[in-house]
Amino acid sequence: MIVHHPPFTIYQFAVLGSTNDVLKQMTEAPEFTCVVAGEQTAGRGRRDRVWHSSPGDGLYLSVLLRPATTSAKAPAKIPLLSLMTAVAVAETVRERGVRGVDIKWPNDVLVNERKLSGILIESGSTGAGETRVIVGIGVNLNHPSFPEELGQTATSMKIELGQAVAVDEFRNQLLSRLGRWYEHWKRGEDTAILGRWRQLSSYACGQRIIVTLDHEQFTGETAGLTDDGALLVRTADGGWRTVLSGEVKRLRKSDVD
Ligand code: BTN
């Protein structure tokens, strides 16, 4: 089924492997093409994780953006798309009346410390002064509960609100916000995106964290974002680190005792 929600054109499927993978194969698709599935059999997360994608419970959505990359600064701005997407999700969730919404750097949306939404951005150059960016968004909407391994770390809108959420309605609200934030991004209004991210995230400043990189782990305190959306961390030995990609976890007192 095809649904139009301008400027987005949504291809809705009952079951797919991964919406990101299907959109990736649609090489000629125009900007704002979306693929949505009622269920994913091979939903993927960051760092090769599986994204739990049970039928009818979640929003499993991928959006194609084709930002022009002619200016020298443009490629560096791709990470800002990831922060911008988290802002759009967090705002949509808050608009629905959920309390305790937070963004964990770079783009996990949490509610009272449990994960509600994850974002997987995959990009590649088309060689025509353009980058193809696939913004994959998973939001837990109507999961009544989660498998045991996720039980302590995941939540859904239904668990938080005590009532079901219409998936299509949520999808359209989210797309509208995403479209508006993308306009800011295209106009180079980076400070508006960074500012809104900081407002919505408790991780922006003064948060004790442990950072996991591919071959290294370190602890420190968050000290803001760079203009490109990287996380600045003051390390335990008094140094500074700029985290461009990696996994961040809040350090609790019990973790250091
Ligand atoms: C993460 O938190 O690790 C990112 C999860 C991203 C999941 C979404 S669901 C729609 C899209 N298709 C996928 O296979 N993954 C993303």
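Before reading further, recall that the structure is shown in the block above.
Criteria and cut-off values
Residues numbered from 1 in each chain as written. Predicted model: local features only at pLDDT ≥ 70, side-chain atom pairs only at ≥ 80, totals over all residues. Heavy atoms only, no water. Salt bridge = Lys/Arg side-chain N within 4 Å of Asp/Glu carboxyl O. Helix = DSSP H or I, 4+ residues; strand = E, 2+ residues; numbered from the N terminus. Pairing = 2+ DSSP bridges. Axes fitted to C-alpha atoms, helices over the stretch in contact; angles between N-to-C directions. Contact = heavy atoms within 4.5 Å. Phe/Tyr/Trp six-rings, centres within 6.5 Å; stacked < 30°, edge-to-face > 60°. Buried < 20%, exposed > 50% of the residue type's maximum accessible area, 1.4 Å probe, protein only. Expected span 1.5 Å × (residues − 1). Core = buried A, V, L, I, M, F, W, Y, C linked by side-chain atoms within 4.5 Å.

## A closer look at the pattern of salt bridges
In the structure shown here, the tally under the stated rule is 19 salt bridges. Glu122 is the partner of Arg44 in a salt bridge, and the nearest nitrogen-oxygen pair spans 3.0 Å. Of this pair, Arg44 sits in the loop between strand 3 (33-40) and strand 4 (58-65) while Glu122 is found in strand 7 (residues 114-125), placing the two residues 78 residues apart along the sequence. Of the charged contacts, one joins Arg171 and Asp168 as a salt bridge, the two residues approaching to 3.7 Å between their closest N and O atoms. Pair noted here: Arg171 and Asp168 are both in helix 4 (residues 167-186), with a separation of three residues, about one helical turn. Overlapping salt bridges, with partners in common, bring together Arg49, Lys104, Asp108, Lys115 and Glu247 in one network.

## Here we look at the sheet that holds strand 7
Backbone-to-backbone hydrogen bonds join strands into a sheet, with any given pair of strands oriented parallel or antiparallel. The eight strands lie next to each other as 1-2-3-4-8-7-6-5, forming an open sheet whose pairing is mixed. Only two strands of the sheet have a single neighbouring strand rather than two, namely strand 1 (2-5) and strand 5 (101-104). Sheet twist, expressed as the average angle between the axes of neighbouring strands with direction ignored, equals 20°. Examined bridge by bridge, strand 4 and strand 8 (residues 131-140) share eight bridges and lie antiparallel to one another. Counted as the bridge partner of Leu65 is Val133 from strand 8. Along the sheet, helix 2 (residues 78-95) makes contact with strand 4, strand 5, strand 6 (108-111), strand 7 and strand 8, crossing strand 7 at roughly 150°.

## Some words on the packing of aromatic side chains
Each pair of aromatic rings is reported with the distance of its centres and the angle of its planes. Tallying each qualifying case throughout the model produces three aromatic pairs. Seen from their ring centres, Phe8 and Phe32 are 5.3 Å apart, and the 80° between their planes marks the pair as edge-to-face. Separated by 24 residues along the polypeptide, Phe8 in strand 2 (residues 8-16) and Phe32 in the loop between helix 1 (19-25) and strand 3 bring together distant segments of the chain. Since its relative accessible area comes to 3%, Phe8 is described here as buried.

## Concerning helix 2
For helix 2, built from 18 residues, the straight-helix expectation of 26 Å at 1.5 Å per residue is met to within 8% by its first-to-last C-alpha distance of 26 Å. Of all 18 residues making up helix 2, 15 are buried, and the element is well covered by its neighbours.

## Some details on the nonpolar core
Formed by 58 residues in total, the largest nonpolar core has its most connected members in Leu61, Val63, Ile137 and Phe170. If you tally residues by element for this core, the top one is helix 2, at eleven residues. Once you skip the residues sitting within four places of it in the chain, Ile137 turns out to touch Leu59, Tyr60, Leu61, Thr85, Val89, Ser117, Gly118, Ile119, Leu174 and Leu178. With eight residues, the next largest nonpolar core counts Leu16, Val22, Val35 and Ile134 among its residues.

Read these as spatial facts, not as claims about activity.
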